[in-house]
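Each chain, written out:
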Amino acid sequence: MRKPLSTSLITAALVAAGVLLPVGPAAATPTDTLATDTLASATLASAAERSGRYFGAGVQGYKLADPVYTGILDREFAVVTPENEMKLDATEPQQGRFTFGPADRIVDHAVRQGKRVRGHTLLWHPGQPSWLVNLQGAALRQAMLNHVTQVAAYYRGRVFAWDVVNEAFADGTSGARRDSNFQRTGDDWIEAAFRAARAADPGAKLCYNDYNIENWAHAKTQAVHRMVRDFRARGVPIDCVGLQSHFTANHPVPADFATTIRNFAALGVDVQLTELDIEGSGATQAENYRRAVTACLAVSRCTGITVWGIRDSDSWRASGTPLLFDSTGAKKPAYTAVLNALDGGPCP
Ligand code: G2I
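First, a word on scope: everything that follows refers to the structure included in this document.

What counts and what doesn't
- The numbering scheme is per chain: residues are counted from 1 as the chain's sequence reads.
- In view of the model being predicted, local features appear only for residues whose pLDDT reaches at least 70, and side-chain atom pairs are presented and counted only at 80 or more, with totals across whole chains, interfaces and linings using the full set of residues.
- The side-chain quantities take in all heavy atoms of the structure and omit both hydrogens and water.
- Elements are defined by DSSP. Helices are runs of H or I of four residues or more, strands are runs of E of two residues or more, and each kind is numbered from the N terminus.
- Buried, partly exposed and exposed residues are distinguished by accessible area as a fraction of the type maximum, computed with a 1.4 Å probe on protein chains only: under 20%, between the cut-offs, and over 50%, respectively.
- Each accessible area is a Shrake-Rupley estimate made with a 1.4 Å probe; only the visible protein chains count as cover when residues are assessed.
- Each salt bridge in this description consists of a side-chain nitrogen of Lys or Arg and a carboxyl oxygen of Asp or Glu lying within 4 Å of one another.
- In this analysis, strands are considered paired if DSSP registers two or more bridges between them.
- A pair of cysteine sulfur atoms is labelled a disulfide when the two atoms are within 2.5 Å.

1. Overview of the overall build of the protein
For the protein, the count of helices and strands is 13 helices and nine strands. Buried positions account for 54% of the 348 residues belonging to the protein. In the structure as shown, the protein presents an accessible area of about 14200 Å², 56% of it carried by carbon and sulfur atoms.

Set out below in structure tokens:
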């Protein structure tokens, strides 16, 4: 539920927005100007929280030593997703030898700051250590499930949601699974991974995460939707779908984005925007961010939004300046657009 606001604050805001005409002399007093100012949330996290959602950021552990980076992180975001430190090559570089130090540094920082952690990701076809690439068949399946079990169990209680499987579907119009060594162990590898994750951490929300599944008309979106519907029908433990939401001029925020979110949610799962970034600048970028955030706010089961980095210079595609803070750490127009959209969003 959105936190209640006093009647005078609401009235002042409606007047400021031009919805209500000022009535009587009180409407123009300095007190009301002050009240209008305090209506806006101070941070992305607090704005999202008012509608019962979270606002998070992808974080790279080595940047926590940068005070500008960490200052923005601590101030603005309620949820942290390690960008790379929980991936397979980072956590199990040699078979059966797990290294959690780099991920733990992020988790510990988040916990100290009262933030929650999204786990990313248990299984993804790139970034596999060589020992895993060299396995196949039953040995690969067993090693894959052991990885899921060990990592999910280690972070049990500290990670509220896991991207159990990332990017398992092919691009284009086929609607097929992506070829990978995991896929070659059998079509049931994804559901086996979800079952192993549930057994290892029954309290975590288990998500399937992918890119280019934001446009409802696309074959890849339909294919992922069919899989999630099938999983729900057969009792495979899946709780959420992550729409990565990497947008560019050539891959814009689709007009039917809210429809996609709504259609996934209708399967009985939460939806999260997990890696939001939008290339561009100025008013155009701000408007695109507003549209993406508004699509999430339109669906009660769209429970949170994560942007994939903090400053433009932190992005995996820095040249596209796709984030909410510029390289100096200053708020961009897109920041204000997101804050305003979150403040104006309907209650779930
Ligand atoms: O590629 C964008 C994202 C697509 N969805 C899945 C995400 O996991 C993925 O994130 C990116 C990270 O933002 C990058 O930071 O995944 C890349 C590949 O794992 C990450 O790049 C890696 C580079 O490949 C490494 O060379 C580098 O050492 O980042 C590492 C740390 O900066």
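Structure's up, so let's keep going.
2. Some points on unusual backbone geometry
Note that the residue after H120, namely T121, is joined by a cis bond; omega there is -5°. One can find T121 in strand β3 (residues 116-124). Even without being glycine, E167 reaches a positive phi, approximately 60°. As for its position among the elements, E167 is in the loop between β4 (161-166) and α9 (189-200). Positive phi outside glycine occurs at T321, with the angle close to 40°. Relative to the helices and strands, T321 is located in the loop between β9 (302-307) and α13 (333-344). You can call T321 partly exposed: its relative accessible area is 29%.

3. Description of the pattern of salt bridges
Here the idea is simple: oppositely charged side chains can pair when their charged atoms come close. Enumeration according to the criterion identifies 21 salt bridges in this entry. Note that D187 is salt-bridged to R177, the shortest N-O span being 3.6 Å. Here the residue D187 occupies a position in the loop between β4 and α9, and R177 occupies one in the loop between β4 and α9, the gap between them amounting to ten residues. E191 is the partner of R195 in a salt bridge, and the nearest nitrogen-oxygen pair spans 3.4 Å. With R195 and E191 both in helix α9, this residue pair falls four residues apart, about one helical turn. You can call R195 partly exposed: its relative accessible area is 38%. Among the residues examined, E191 registers a relative accessible area of 13% and is labelled buried. Salt bridges sharing partners connect three or more residues here, namely K63, D66, R311 and D314.

4. Quick look at the pairing of β3
Most of β3 is tucked away, with seven of its nine residues classed as buried. Bridging between strand β2 (residues 79-82) and β3 involves two bridges; their strand directions are parallel. Paired with V80 across the two strands is V117, which belongs to β3. Here β3 pairs with β4 via five bridges, running parallel. Across the sheet, residue H120 finds its bridge partner in β4, namely D163.

5. Topic: the state of the cysteines
For the structure on display, the rule yields two disulfides. Across a sulfur-sulfur distance of 2.0 Å, C207 and C240 are joined as a disulfide pair. As the torsion about the S-S bond is roughly -75°, the C207-C240 disulfide counts as left-handed. Of the two residues, C207 is situated in strand β5 (residues 205-210) and C240 in strand β6 (residues 240-243); the sequence distance between them amounts to 33 residues.

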